[in-house]
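The residues making up each chain are set out below.
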Amino acid sequence: MKIALEEAVAAMESGEVPVGAVITMEGKELARAHNSPVQMKDPTAHAEILAIRKVADITGNYRLTGTTIYVTIEPCIMCAGAISHARISRLVFGATDPKGGALSLYGMLGDKKLNHSVAVTGGILEEECGKILSRFFREKRI
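Predicted model only: the values in this text are computed from it and were never measured. (Residues numbered from 1 in each chain as written. Predicted model: local features only at pLDDT ≥ 70, side-chain atom pairs only at ≥ 80, totals over all residues. Heavy atoms only, no water.)

Participant: Please give an account of the overall build of the protein chain that cites residues and values.
Facilitator: Across its full length, the protein chain carries six helices and five strands. Compactness check: the protein chain gives a C-alpha radius of gyration of 14 Å against a globular reference of 14 Å for 142 residues, within 12% of the reference. When the backbone C-alpha atoms are referred to their principal axes, the protein chain occupies close to 45 × 30 × 30 Å. For the protein chain, the proportion of contacts with a sequence separation of at least 24, taken over those separated by at least 6, is 57%. Carbon and sulfur atoms make up 55% of the accessible area of the protein chain, which totals about 7600 Å². (Helix = DSSP H or I, 4+ residues; strand = E, 2+ residues; numbered from the N terminus. Rg over C-alpha atoms; globule rule 2.2 N^0.38 Å. Contact = heavy atoms within 4.5 Å. Areas by Shrake-Rupley, 256 points an atom, 1.4 Å probe, with all protein chains shown as cover.)

Participant: Summarise the environment of Ser89; cite the residues concerned and give the values.
Facilitator: Among the structural elements, Ser89 can be located in the loop between α4 (77-85) and β4 (90-95). The spacing of Ser89 and Tyr62 is 27 residues in sequence and 13 Å in space, taken between C-alpha atoms.

Participant: Can you explain the state of the cysteines? Please cite residues and give values.
Facilitator: A covalent bond between the sulfur atoms of two cysteines is what we call a disulfide. Applying the stated criterion across every chain yields a total of zero disulfides. We note that Cys76 lacks a disulfide partner, and the nearest cysteine sulfur, in Cys79, lies 3.7 Å from it. (Disulfide = S-S within 2.5 Å.)

All we've got here are geometric facts, nothing functional implied.
Here it is in structure tokens:
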């Protein structure tokens, strides 16, 4: 999660919403990314999506079974869908997102109607992950 936080700082420094993601397999980092929709002019350029794309390219497979994704904030609906479709095995996130989080609002990834189950652990370095987001939005309002 600390690497994901480093990515969130990189996003903030480039004017993006500070969200970072890292994907690992068997404890080894495969890819990392941060939010870049403004810079890339791409509404889908969330940290999770960019990291998933990198790992799929590296492995030559769109199925990322056996991987874990670490994200500084609870994923949105788009990213939760991508995590499920990529068959990522585990999601670890920092801060919850009661206004836009797919798990908080819709119970995604835990819904038994979905054909893929993702193990979810939340609240890891929650305070640090939440602080960087709060700081970013506080500074934007000034």
